Amino acid sequence: MGQVPPPPTTSPVRPAGSPGGDFFPSGGDFSFPCGASPSGERRLRAEFPRLGAPCEAGSPPPRPPLIAGLPRGSAASATAALVVLAVVPGSRSRARRKMMKMLPFSQSGPIGIRNGSAGCINVNGQLENPATSVAEQVPACPGSSGDEIWSRNQEKMSERPEAAGRTSRASSITSTGSCTSAGDSLEKGKKGIKGMFTTAFKKMIKTRTPSIKQIMDLLEKHKLCDAALHLIALEKSISSKSEERLNTRQQDIESISEILKHKVFSILKDSVLLARTNPELLQQAVEVLKEQEKEDQNCLSENLPDQNVQFRPRKWKELWMATVKESVEARMKDTSHTPRTENLSSVGQNLLHMGKTMKEDLTVVAKCIRQLYPPEFNVFSTYAELYHHHFASEAKKAAESQLEDKDVYLLLSWVHNIYPKDMRKDPVLAEEMEKVKLGSLLPSSLSKELERKYLESEEATIKNSLNKCLEKEIERWKEDKEPEKLNGHFQSELLAIFVIQSIYNGQKRAKEVSTALGDELSHRLSRELAALLRSYKDAFEDFKEKGKKHRHYRPILIANINNCGNFRDYTEKNMAEKDDNKDRILSTLRDIETSGCDVLLQQLFVQLKPIYKKFTENKWDCSNKIMNEIINTTSNHISELRTLKDPFYNAVVEKIHVRLVKDYVVRLLKRKVSLKSAAQQQNLAQSISVNAAELEAFCTKNGSQATWLNSALPKLAEIIRLQDIGAIKIEVATLATAYPDIRRRHLEAFLYIKANLSRGELRSILGYLADSTVSTPPSNPLFSSINLS
């Protein structure tokens, strides 16, 4: 074989953007890749003679000392020879063939066969014929120069910029959202010098530092993760540059870093929107952020060259927090996406927008965004605290301004009810919100001040409304118009309905804000109700005295008595026993009811008085006729009283019953009749018993439930009938037990009828009564209301 041609006299032209440390030798010289030190290069040149020197015919080329030290045929020797052949243009073909003969001895080495470069072997190919030697199946690498190989691969990288110039850290986003190293994807398991050669050649290309243009191309194609990792590799590569080129590269890196940062944080700022519309793009941005934060941590934990330290830390996590804050504030201020609600002021609309935005956005964060970040970012709590801070800040501004009454209520509703219950207890957010431990929207002092304003305003508003309603009711009494009937009862319910509804609605609104606020307003409104009913009572008394000539005087009285029932029911059911206003209200209502009923019965009692006088005037002759007249007169009045509601009607009938029995007893105590014979006394007793039975039947028929009155007249009749002193004493004791308000004067006046009793017997009977009576006032008095003249 002839001599190897001499090396070229000029260095091959390198493409723009190639690394500063010459990987390929100039003029056939061998240099360390990636900018080896000058001393290292001089040592290598001393170890390796000019590979272009001629060799003697028939003898192998001289082995460099570094290779000569290895046993011939070993995997290490073959690998070293391969590297030399790969990088040295113009190597002797005989040396190449000799290297190929060594393949069978090294293919089972520890490195193994790997996928190679397309320029040397078929990457995916397998040995076609196992019986043939490895050397015969492996094609020889073309004898191109290192610069030509570099040029060809540069063209390939320009066609696929996302794969060009990746370092061992170059990555792409996997299905799980993480960045994986390209070196990790190299196929393993194939052994032999073929794989070693392929791997070495591939690594030679891949370890090249990426260019600015390549990173820009990746950014333009929105391959942010690849661009970020390439940029990190570029940062780490500049330590070997000259000072002039170092400054240039630093400026380039800073410029492209700013572009990357702008792109990433523009995406992160719209995280809430992109999480639903373009989650893949958002995931890329988050991965870049994570890589940058990781490099910052590495910078703080490792001793890096000064040129690298100047880029770090970039503090993207702090920028992320600032970006999230900016995003939150922008979304909370942008009310254009919240539909306008009628009857809401600007304050109310803003509260609605902020609450709606906060709830919806945090739901997206909890479901879609939080999972993209590592735990140390505290994504949900960061978003929640920022939303809460902005909401609380705006709420405080609103509270300190001059708010309308309805806006005060709305703000309190958000502070005490909607925000803590509807939003923070939402099924999707509750667990995460519980971890954040957010406070109230307003400070306690400011909240209490708002509550005071609300209570005073609400109390004044309802009070004014109730007074106006009472004035309208009083004016209605003056109209020449009979009250309406409902289910056969006169009614004047507009007052009661309006008052009760106003109070109930006020209490309900306050309780929807908070229970404490509702209780406080309830107490205030019960005080206002008590005051209103006092005014109502005064107006009723005034009409009762001045309106007697009104054509519908009695129906108006009945309607107002019925009205008291509505107030009574509401008070008894809704006011606490400990509320001192409750007793005042019920007392006022009793006064109105009693006063009204007395007026209704006054005319009846006036008409009955002369009829009752007939008993004593006729000495109980024709007593049955007199009783019939009493019953007929009373019956005519009762028909009108049926327009009272049942509770009042029953009470009125009981009053009539009491009055009918009492007036009958009064007639017996008038000392107008004195009977000496037992027969006369028995006849009178019989008449009284008949009258009592008729009276009881009439009152019971008309709804009286005063059964306690039924035994009064029969017992008096029995005392008159009895002649035995002992029996009389027993009956007197029974009478005193049933009606403990009977006194000696009552019994003495009654015994005037029994003219056949001696003074001693009379004293004995009266003395027995004194021993039997008690001083405790009865619950149902009968005799105590009878005054003897």
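Before any of the text, the structure's been laid out above.
Predicted model, so just to flag it, every value in this text is computed and none were measured.

Novice: Please clarify how the overall build of the protein should be interpreted in this entry.
Specialist: When its secondary structure is counted, the protein shows 31 helices and four strands. Looking at the protein as shown, the accessible area adds up to about 39,800 Å², and 51% of this sits on carbon and sulfur atoms.

Novice: Help me out: how do you make sense of the state of the cysteines in this one?
Specialist: Such a bond, covalent and formed between the sulfur atoms of two cysteines, is termed a disulfide. Applying the stated criterion across every chain, the model contains zero disulfides. Cysteine C564 is unpaired, with the sulfur of C597 as its nearest cysteine sulfur at 9.1 Å. Take C564: its relative accessible area is 0%, and that puts it in the buried class.

Novice: Would you take a moment to explain the packing of aromatic side chains for this structure?
Specialist: Any pair of aromatic rings gets described here by the distance separating the centres and the angle formed by the planes. By the definition in use, this model includes 16 aromatic pairs. Ring geometry for W477 against F543: centres 5.7 Å apart, planes inclined by 50°, an arrangement best described as tilted. Taken as a pair, W477 in helix α20 (residues 444–477) and F543 in helix α22 (residues 515–546) lie far apart in primary sequence, 66 residues in all. Both residues of the pair, W477 and F543, belong to the buried class. Ring geometry for Y612 against F615: centres 6.0 Å apart, planes inclined by 50°, an arrangement best described as tilted. Taken together, the positions of Y612 and F615, both in helix α24 (residues 580–617) and three residues apart, correspond to about one turn of that helix.

Novice: I'm lost on α24 in this one. Help?
Specialist: For an α-helix, 3.6 residues make a turn, and residues three or four places apart therefore share a direction. With 38 residues, α24 extends 53 Å from end C-alpha to end C-alpha; this agrees with the ideal 56 Å at 1.5 Å per step. A maximum bend of about 35° is found in α24 at L601. For α24, the N-terminal capping position is held by D579, with its side-chain oxygen 3.0 Å away from the main-chain nitrogen of N581. Remark: K619 follows α24 within two positions and exhibits a positive phi of approximately 50°.

Novice: I keep staring at the pattern of salt bridges and nothing clicks. Help me out?
Specialist: Close approach of charged atoms lets side chains of opposite charge pair. Considering all chains together, one arrives at 34 salt bridges under this definition. One salt bridge in this structure joins K213 and D217, with 3.1 Å as the shortest N-O distance. With K213 and D217 both in helix α9 (residues 212–220), this residue pair falls four residues apart, about one helical turn. Between K582 and E577 there is a salt bridge, with the nearest N and O atoms lying 2.7 Å from each other. For K582, a relative accessible area of 4% puts it in the buried group. Linked by salt bridges that have partners in common, E459, E520, R524 and R527 make up one network.

Novice: Please explain unusual backbone geometry as it appears in this structure.
Specialist: Phi is mostly negative for residues that are not glycine, and the peptide bonds are mostly trans. A positive phi angle is found at W620, which is not glycine, with a value near 65°. Inspection of the secondary structure puts W620 in the loop between α24 and α25 (623–641). The exposure class assigned to W620 is buried, which follows from its relative accessible area of 5%. The backbone of R671 sits at a positive phi, close to 55°, despite the residue not being glycine. Tracing the backbone shows R671 in the loop between α26 (646–668) and α27 (678–701).

Novice: It is not clear to me how the side chain of E458 should be interpreted in this structure. Could you clarify?
Specialist: With respect to the helices and strands, E458 occurs in helix α20. If sequence neighbours within four positions are ignored, E458 has contacts with G506, R509 and L521.

Novice: Where do I start with the nonpolar core in this structure?
Specialist: A general feature of soluble globular proteins is that nonpolar side chains tend to end up buried together. Membership of the largest hydrophobic core comes to 174 residues, with the highest contact counts inside it found for L268, M358, L411, F567 and F750. Here this core takes 14 residues from α24, the largest share from any one element. For F567, the contacting residues outside a window of four places in its chain are L495, A496, V499, I500, L529, L533, Y536 and L589.

Novice: What am I meant to see in the environment of F490 here?
Specialist: As for its placement among the helices and strands, F490 is situated in strand β4 (residues 489–490). Note on F490: relative accessible area 5%, which makes it buried. Residues F490 and N560 lie 70 residues apart in sequence; the distance between their C-alpha atoms is 8.5 Å. Sequence-distant contacts of F490, defined by excluding residues within four places in its chain, comprise E482, P483, E484, K485, P555, I558, A559, N562 and T643.

Cut-off values and rules
- Residues numbered from 1 in each chain as written.
- Predicted model: local features only at pLDDT ≥ 70, side-chain atom pairs only at ≥ 80, totals over all residues.
- Heavy atoms only, no water.
- Helix = DSSP H or I, 4+ residues; strand = E, 2+ residues; numbered from the N terminus.
- Areas by Shrake-Rupley, 256 points an atom, 1.4 Å probe, with all protein chains shown as cover.
- Disulfide = S-S within 2.5 Å.
- Buried < 20%, exposed > 50% of the residue type's maximum accessible area, 1.4 Å probe, protein only.
- Phe/Tyr/Trp six-rings, centres within 6.5 Å; stacked < 30°, edge-to-face > 60°.
- Expected span 1.5 Å × (residues − 1).
- Bend = angle between axes of the 7 residues up to and from the residue.
- Polar contact = N/O pair within 3.5 Å; in protein donor to acceptor, adjacent residues only side chain to side chain.
- Salt bridge = Lys/Arg side-chain N within 4 Å of Asp/Glu carboxyl O.
- Contact = heavy atoms within 4.5 Å.
- Core = buried A, V, L, I, M, F, W, Y, C linked by side-chain atoms within 4.5 Å.

Don't take any of this as a statement about function, it's just geometry.
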